[in-house]
Amino acid sequence: MAGLTGGLLIFMLSARFHPLGSPVLRTAPLGFARVWLRLTRLPLQLSVGYFVLPATAALAAEPSAWAMPLASGFWLLALNGAYAVFAAYFMAAPFVAALSFLGAIAYTSYESLEYGRTVLIGFAALVLFLWHRAQRRYRHG
C-alpha cells in the first residue's frame, strides 16, 4: 500500500503537462498521443522506481503472495494513466487536476461500496471523455 500511494504521489508531483498548450508544439507534426506519452515517461519512471522497493520487500517477506505486489503494480499504472489524462485536460492548473482526480477517486470509492465495481465503468468513461477533450484542445487550440 505504501508503494502504491507513494508511487502515485510521486507521479502527481512530477507530472507537468503545460507544454501541451504551447503553440509551437501544437504546430509541430507531432500527434497528441506521442507528446502525451513523452511527457509521462519520466514521472512514470520515478513512480515505478519508488514502487519497486516496497513491492520487493513485500515479496521477499512472503514469496507465496506474489499476486498482491503484481496487482498493486497494475493499479499503480492505471491510476498514473488516469491522473495523466486529468493533468493533460487541466494542463494550466495542476492543483485543480490533482483535486479533481482525488475527488473522482474518492467518489468512485464511495459509490463502489453500494454499487460494486461497476462504478469503475463511469470513472473510465470520465477518463475517456477528458482524453477526448484534451486531444481536441491540443489539435484546435
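Note that this is a predicted model, so its numbers are computed, not measured. Sequence positions are assigned chain by chain, starting from 1 and proceeding in written order. The predicted nature of this model means local features are confined to residues of pLDDT at least 70 and side-chain atom pairs, given and counted, to a pLDDT of 80 or more, with totals for whole chains, interfaces and linings taken over all residues. Values reported for side chains reflect all heavy atoms of the structure, with hydrogen atoms and water molecules removed beforehand.

Enquirer: Can you explain the packing of aromatic side chains? Please cite residues and give values.
Expert: Put simply, two rings from Phe, Tyr or Trp (the six-membered ring, in Trp's case) pair if the centres are within 6.5 Å, and we call them stacked under 30 degrees between planes, edge-to-face over 60, tilted for the rest. Inspection of the entire model under this criterion finds eight aromatic pairs. Taking the centre distance of 6.2 Å and the plane angle of 85° together, the rings of F11 and Y83 count as edge-to-face. One end of the pair, F11, is in helix α1 (residues 2–14); the other, Y83, is in helix α4 (residues 67–89), with 72 residues separating them in the sequence. The residues F11 and Y83 share a single accessibility class, namely buried. Between F32 and Y138, the aromatic rings sit 5.6 Å apart at their centres with planes inclined by 55°, giving tilted as the arrangement. Of this pair, F32 sits in helix α3 (residues 32–61) while Y138 sits in helix α6 (residues 119–140), and the two are 106 residues apart along the sequence. Helix and strand definitions follow DSSP, with helices as H or I runs of at least four residues and strands as E runs of at least two, each counted in order from the N terminus. For every residue, the accessible area obtained with a 1.4 Å probe (protein chains only) is divided by the maximum for its type, and the residue is called buried under 20%, exposed over 50%, and partly exposed between those limits.

Enquirer: Mind laying out the environment of F11, listing which residues take part and the relevant values?
Expert: The class for F11 is buried, based on a relative accessible area of 1%. Taking the C-alpha atoms as reference, F11 lies 18 Å from W131; in sequence the two are 120 residues apart.

Enquirer: An account of helix α5 (residues 94–115) is requested, with residue identities and associated values reported.
Expert: Here, expected helix span is obtained from the residue count minus one, scaled by 1.5 Å. An ideal rise of 1.5 Å per residue puts 32 Å on 22 residues; α5 measures up with 31 Å between its terminal C-alpha atoms. By the burial criterion, the buried members of α5 are A97, A98, F101, A104, T108 and E111. Note on contacts: a residue pair is in contact if any heavy atoms of the two residues lie within 4.5 Å. Where α5 is buried, its residues meet α1, α4 and α6.

Enquirer: Break down a nonpolar patch on the surface for me, citing the residues and quoting the values.
Expert: A grouping of V48, V52, L59, W66, L70, F74 and L77 is seen on the molecular surface, where their side chains present a nonpolar patch of about 650 Å² in accessible area. In this fold, L77 is placed in helix α4. Judged by relative accessible area, which is 42%, L77 ranks as partly exposed. Patch membership needs two things, relative accessible area over 30% and no salt bridge, and members are linked within 9 Å if like-charged or within 5 Å if nonpolar (Val, Leu, Ile, Met, Phe, Trp, Tyr). Computed by Shrake-Rupley with a 1.4 Å probe, the accessible areas treat only the displayed protein chains as cover when residues are assessed. Here, a salt bridge means any Lys or Arg side-chain nitrogen found within 4 Å of an Asp or Glu carboxyl oxygen.

Enquirer: Can you tell me about the environment of F123, naming the residues and giving the values?
Expert: Looking at the element boundaries, F123 is found in helix α6. Sequence separation of F123 and I105 is 18 residues, and the distance between their C-alpha atoms is 8.1 Å.

Enquirer: I'd like a rundown of α3, residues and numbers included.
Expert: Taking 1.5 Å per residue as the helical rise, α3 with its 30 residues ought to reach 44 Å, and the 42 Å between its terminal C-alpha atoms agrees with that figure. Working definition for bend: take the seven residues up to and ending at a residue and the seven starting at it, fit an axis to each, and measure the angle between the axes. The sharpest bend along α3 reaches about 35° and sits at R41, with the proline P43 one to four residues further on. If you check which residues of α3 are buried, you get F32, V35, W36, T40, P43, S47, F51 and A55. As for α3, its buried residues are in contact with α1, α2 (23–27), α4 and α6.

Enquirer: Account for the packing of α3 against α6, with residues named and values stated.
Expert: The contact between α3 and α6 brings their axes to 10 Å, and the two run at 110°. In terms of axis orientation, α3 runs roughly perpendicular to α6. Contact residues: F32, A33, V35 and W36 in α3; W131, A134, Q135 and Y138 in α6. Looking at the contact of α3 with α6, its residues break down into seven nonpolar, one polar and no charged. Orientation is described by axes fitted as lines to C-alpha atoms, over the contacting stretch for helices, and by angles from 0 to 180 degrees between their N-to-C directions. With respect to orientation, any angle under 35 degrees is reported as roughly parallel, any angle over 145 as roughly antiparallel, any angle of 65 to 115 as roughly perpendicular, and every other angle as oblique. Residues are grouped as follows: Ala, Val, Leu, Ile, Met, Phe, Trp, Tyr, Cys and Pro are nonpolar; Asp, Glu, Lys and Arg are charged; all remaining types, including Gly, are polar.

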